[in-house]
Structures are given as C-alpha cells and as structure tokens.
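Listed here are the chains, written in short residue letters.
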Amino acid sequence: TENNDVPIVIIGSGYGGAVSALRLCEAGKKVVMLEMGLNWEKAGIPFSNLLKPGKSSAWLKKKSIAPFMNIFSLTPFTGILDRLNFEHINIWVGRGVGGGSLVNGGMAVTPKESYFKEVFPDLDAEKFYNHYFPLVREELKVNVIDEQFLKDCPYYKFTRVGEEEAHKAGFKTMRVPNVYDFKYMEKEFRNEVPRSALNTEVIYGNNYGKNSLDKTYLRKALETGNLEILDLHHVQTIQLNDDKSYTLKVRQIDTSGIMVADKVFNCKKLILSAGTMGTLQLLLQSHAENNFPVHEKIGKKWGNNGNFMTGRNWVKPLSGGTGAKQSTIPVGGIDNWEDPENPFFTEIAPLPMGMDVATALYLLINRVDKKGEVAYNKASQSLTLNWDESNTLKMKENAQYFIRKMNKANGGTRSHLLFDNGFGADICYHPLGGCVLGEATNEYGKLKNHENLYVLDGSLIPGTIGVNPFVTITAIAEYCIENLIKENEFA
Ligand code: FDA
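First things first, this report covers the structure right here in the doc. Bear in mind that the values here come from a model prediction, so they are computed numbers and not experimental data.

1. Digging into the overall build of the protein chain
Each helix and strand counted, the protein chain has 12 helices and 21 strands in total. Radius of gyration (C-alpha) of the protein chain: 22 Å, near the 23 Å computed for a compact globule of 491 residues. Considered along the principal axes of its C-alpha atoms, the protein chain spans approximately 70 × 45 × 45 Å. Sequence separation of at least 24 residues holds for 70% of the intrachain contacts in the protein chain that already meet a minimum separation of 6. Total accessible area on the protein chain is roughly 19,200 Å²; 49% of this is exposed by carbon and sulfur atoms.

2. Describing the layout of surface pockets
When its volume is computed, the second largest pocket comes out at roughly 440 Å³. Taken together, 21 residues make up the lining of the second largest pocket; nearest its centre are Asn 421, Phe 423, Gly 424, Ala 425 and Asp 426. If you list the elements that add at least two residues to the lining of the second largest pocket, you get β4 (90-94), α11 (389-410) and β18 (423-424). Ranked by residues supplied to the lining of the second largest pocket, first place goes to α11 with four residues. Counted by class, the lining of the second largest pocket contains 11 nonpolar, five polar and five charged residues.

3. Here we look at the pairing of strand β1 (residues 2-11)
Two elements, β1 and strand β9 (residues 259-272), share nine bridges in a ladder whose sense is parallel. Each residue of the ladder has a partner; that of Val 6, found in β9, is Cys 267. Pairing geometry for β1 and strand β2 (residues 31-34), over four bridges, is parallel. Considered in β2, the bridge of Ile 8 is made with Val 31. Note on the crossover from β1 through helix α1 (residues 15-26) to β2: the handedness is right-handed.

4. What to know about the environment of Lys 30
By the secondary structure assignment, Lys 30 is in the loop between α1 and β2. A relative accessible area of 52% places Lys 30 in the exposed class. Expressed as a C-alpha distance, the spacing of Lys 30 and Val 176, which sit 146 residues apart in the sequence, is 37 Å. Non-local contacts of Lys 30, meaning those with residues more than four positions away in its chain, are made with Pro 7, Ile 8, Gly 225 and Asn 226. A distance of 3.2 Å separates polar atoms of two side chains, one belonging to Lys 30 and the other to Asn 226.

5. A short note on helix α7 (residues 157-168)
With 12 residues, α7 should cover 16 Å at 1.5 Å per step; its first-to-last C-alpha distance of 16 Å lies within 8% of that length. Every buried residue of α7 is accounted for by Phe 158, Thr 159, Val 161, Gly 162, Glu 163, Glu 165 and Ala 166. At the exit of α7 stands Gly 170, carrying a positive phi of roughly 90°.

6. Brief notes about the site of the ligand
Close to the ligand lie 36 residues; Glu 35, Gly 100, Met 107, Gly 458 and Phe 470 are nearest. Put simply, the parts of the chain that give the shell around the ligand at least two residues each are α1, β4, α3 (100-103), β7 (233-240), α10 (275-290) and α12 (470-486). The element best represented in the shell around the ligand is β7, accounting for three residues. Broken down by class, the residue content of the shell around the ligand amounts to 15 nonpolar, 18 polar and three charged.

7. Considering empty space enclosed by the protein
Applying the stated criterion across every chain yields a total of two cavities of 30 Å³ or more. Taken as a whole, the largest cavity holds about 60 Å³ of empty space. Lining the largest cavity we find Phe 158, Val 161, Gly 162, Glu 165, Val 315, Thr 322, Ile 348, Ala 349, Thr 359, Ala 360, Leu 361 and Tyr 362. Of all the elements in the fold, those that place two or more residues in the lining of the largest cavity are α7, β13 (344-349) and β14 (360-366). In terms of residue count, α7 provides more of the lining of the largest cavity than any other element does, four residues in total. Its residues assigned to classes, the lining of the largest cavity shows eight nonpolar, three polar and one charged. Taken as a whole, the second largest cavity holds about 40 Å³ of empty space.

8. Comments concerning the nonpolar core
Core analysis: the biggest nonpolar cluster contains 132 residues, and Phe 128, Tyr 156 and Leu 248 have the highest contact counts within it. The element best represented in this core is α12, accounting for 10 residues. Excluding its chain neighbours within four sequence positions, the residues that come into contact with Phe 128 are Phe 116, Leu 123, Phe 133, Pro 134, Ala 475, Ile 476 and Tyr 479. Core analysis: the next-biggest nonpolar cluster, separate from the first, contains 31 residues, Met 36, Leu 38, Phe 47 and Ala 66 among them.

About the criteria used
Residues numbered from 1 in each chain as written. Predicted model: local features only at pLDDT ≥ 70, side-chain atom pairs only at ≥ 80, totals over all residues. Heavy atoms only, no water. Helix = DSSP H or I, 4+ residues; strand = E, 2+ residues; numbered from the N terminus. Rg over C-alpha atoms; globule rule 2.2 N^0.38 Å. Contact = heavy atoms within 4.5 Å. Areas by Shrake-Rupley, 256 points an atom, 1.4 Å probe, with all protein chains shown as cover. 1 Å grid on protein atoms, 1.4 Å probe; cavity = no way out; pocket = protein on both sides within 12 Å on 5 of 7 lines; lining within 4 Å. Points joined across faces, edges and corners; volume = space filled by probe spheres on them. Nonpolar A, V, L, I, M, F, W, Y, C, P; charged D, E, K, R; others polar. Pairing = 2+ DSSP bridges. Right-handed = clockwise from strand over helix to strand, strands pointing away. Buried < 20%, exposed > 50% of the residue type's maximum accessible area, 1.4 Å probe, protein only. Polar contact = N/O pair within 3.5 Å; in protein donor to acceptor, adjacent residues only side chain to side chain. Expected span 1.5 Å × (residues − 1). Near = heavy atom within 4 Å. Core = buried A, V, L, I, M, F, W, Y, C linked by side-chain atoms within 4.5 Å.

Keep in mind these values describe shape, not function.
And the structure:
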C-alpha cells in the first residue's frame, strides 16, 4: 500500500469541504482533499438529463434512483446521485467533486432570523445576517429570476399556476433565489446557448448554467495552487495515533467501483466534510472498528429538516395544467411559517416529465420537534437510524392541511400518481445533524475528545433550519474555519 504524509486532509468536497479548502489555501496552507466521487469536469463526461438517465444518474447502481418513476436500467458507474435506504426513510446525497452542489436544485435560501436564533441560540445572529450570509451569497453566485421573464416564459407555467392557486387558497408566496444563472437561462430560452435547466437537467447534473461548487469555491481554492483534489478516493476508516495525528485507510476505485489501489494517508490535521451521513458513518464506524474516541453526543439530534413531499393531480386540466415544458429550477415558494397551527415552507417544485401531467409537486420543509438518532451496526457495517412515522406525524398533518386547502380553493385531488397514499414522508434531501455545533464539537466545529479533528458540514446543524440548507451550511463553515484559523489551529 502507498503511504502518504500530508499536513491537512479534508474528506469530502461539498459545501463544508469547499469553504474550508478555500480559506485554508488562502492562508497559505497546503491541503489534500479526498473525494469518493468522480471529478466530472476533469473526466469530461456529460451529465444526463431526467428523461434519459445515464452514467451520471446513480452511484454504482443497476437502476435509476429518482424519487419516482424509475424504469431505467443502468450499467453501474460512479454517478453523482446516491440513495441511502433506511426502514422509514430514504436519503438522497450527492457524490462527486462538488458534493451535493452537483445534484441539488440550487435553491439558495437564507433562513428566517427568528428560527436561526431558535436553532442556534449561542451564535451571534447579527454577525451572520450582516456578514456571513451576504458573504456566502456572493461566493455562491446567488441570483434571482427576472419577474418579466418568469411571467412570459412557458417553462414557468408550473410556478405561475402554483402561485395563483396558493393565493386563491389564502397562502403567502415568496420568490426563491438560486445559484443557477438566470441570465444564462434567458439565453437558453432564446436558443443562443446550449440548454440545461430548459432541457430537464437537474439531480443527474447540469451541463450549463448552474454555479455548482466546482465553479465557485473549489475553483478559487485550486487557483491558489495550494489544493490537491484526489477524486475516486473513498476514505474507509480513521485511526487516532498516539501522537494525536490521524491515519486514514483509503480505497481508490475506478468508475465502475472496482478497487484500483489501497492507500494510507497520515495527517496532522483532519477536516471531516463528508456530509451529514458520510461524516457520521466515518466517526461511528471508526469508533466500532478502531477504538476511535467519539463523544456521547455523536449521532444525537439528527433530523430530515422537515422534508415532506406531497402533490396534487388534476391541476387545471382544462386550461393546460402545469405545462408540458418545465424548467428544472424552482423559483417559487409558499411561506406559511408564521402560522402557529401549521407552520411550514414549501417549494413549488417542477415535474419536468416531457408531457403535461397536470400534477403539482411540493417539497414541504417543517419544524423537526422530535429528533432522530444515528447509530452504527457493526454486523452490517452500516448506519442505523432511529426514525419512524412518529417523527413525521406533524409534518404529515401540515401536508394534509395544505393539500386540503389548496384543493378546496382550486380543485384537484391528492396525488396517487406520485406517492402510494399521496404523501412522501420517506423522501429526504436534507439530512442534518448528529454532530451538533457546540455540543459534539466546540463552538467552532473542533470535535470533542480530539485535538486535531474538525467537522465542517451539515452534521453541525441540529436536524432543522426551516429552509433549504446549503446557504446555512456554507455560512456556518465560513464562521468556523475563520475562527479556527484565527485561533492558530492550523499553524
Ligand atoms: P455534501 O453532501 O454536499 O458533500 C459531502 C461529500 O463528501 C460528497 O461529495 C461525498 O461524495 C463525499 N464523501 C462522503 N463520504 C466520503 C468518504 N468516506 N470518503 C470520501 N468522500 C466522501 N439544498 C439547498 O439548500 N437547496 C436545494 O435546492 C437543494 N436541493 C437538493 C436536491 C437534492 C436531490 C439533494 C440530494 C439535496 C438537495 N439539497 C438542497 C441539499 C444540499 O445539497 C445538502 O444539504 C448539501 O450538499 C450538504 O452539504 P455538505 O457540505 O454537508 O455535504
């Protein structure tokens, strides 16, 4: 086995990893980033669209794994979308250089200040709203759709119908910012450039238009000359050495998932940014197999960010439904967060199936009042999740309330086309928590019981943030790494 000695290793190239890499590299530190997924930009392989799932559509699977309607068989390839199946919930995650930013819908939402304060009572909210949130919106290239384009573009009929119906039902709507370049989208529409959002590209990757992390934080970090990204490098376990450094067992694979080499990396400083589920797997598995010390709070306060999918069929069938042509980038939301009885936020989601299915799809985000817990099963070498219908009960109540009110005002039926009983309680895009900031770590993400290990990703957020999470994950990572560097942790 090849043995590598490096000063700083970051595991994972999603939001937490990309922010840490940029700030450390700017501070003159040499950083090696280990990412299990493929570097798609370097590989030069195009992403597939929703209607024709190909290489990018699934992580080493024989069948596509979209939330619904999978009829496609695949040759296993290191695609960018993976699904982790638990008894009561399925969790989708991104794999590849750029992590979740490759697969996600790009919705860049800053949380409500009141809820941010409730979730993070110890953080300086003023500093976040005046400094970290504006900073990350700038770095991530967040922008907003032009209202006239939205009004005129046939690809946004689903949003216009969704907002009109919401207003009729007495709900408040909001414009949702995104990292997809809306000026590019306008050019797509005029056929001046190749199409992406207007060509059913999302979740299997966007070939154009989307400012994913490989085009923002990671590109800037690489430009410093201090970052080396090793893709298709899967970290298997971590060992704590007597001198408080770490040894990583790493398997390099090829694009069909077959082992190319087993490697060892020794590092003085380790940053875990493998995403909520990846980070918990590494910590808990290393604990079970290597006596790796973990704090009792690891695995606690896990949540699905209140994700709850639902839909309505038979939406305005006589006036052309929700539209045969749909952009994959959502720009509308319904904000019912201030309702004390049924607080929720919901995305008015596209369903670009290439035909008019007169169906409206919604991804609700609710509070998570009952949190779950993650543990490790040594026999099956996998995570277990203490999470069942009792955790999503209130979310279901909110979804029922929402659908009832929408149908009463507008017609339509509960969607049996998309979900067994009209509700997708088991669909989770936003796993959060399990390594909560200030509980399992110190106030800046340094893991308790450790001197040289930091966790910087979604696992720091205690299971809920009330909106789509990546703006918050990025802002927390900025805050932590800035202070860790200030405190000379990487000197
Ligand atoms: P992230 O998951 O981004 O990155 C972790 C990286 O670590 C991955 O690249 C993974 O391959 C790698 N890794 C894991 N284990 C490893 C190991 N052992 N060795 C090496 N590498 C390893 N959010 C939002 O705000 N707006 C939105 O519109 C959406 N939409 C959306 C759609 C879909 C389909 C999904 C699946 C998710 C979203 N999200 C979203 C959620 C968002 O993408 C997610 O919260 C963030 O990507 C999480 O960022 P992290 O930095 O925590 O990890």
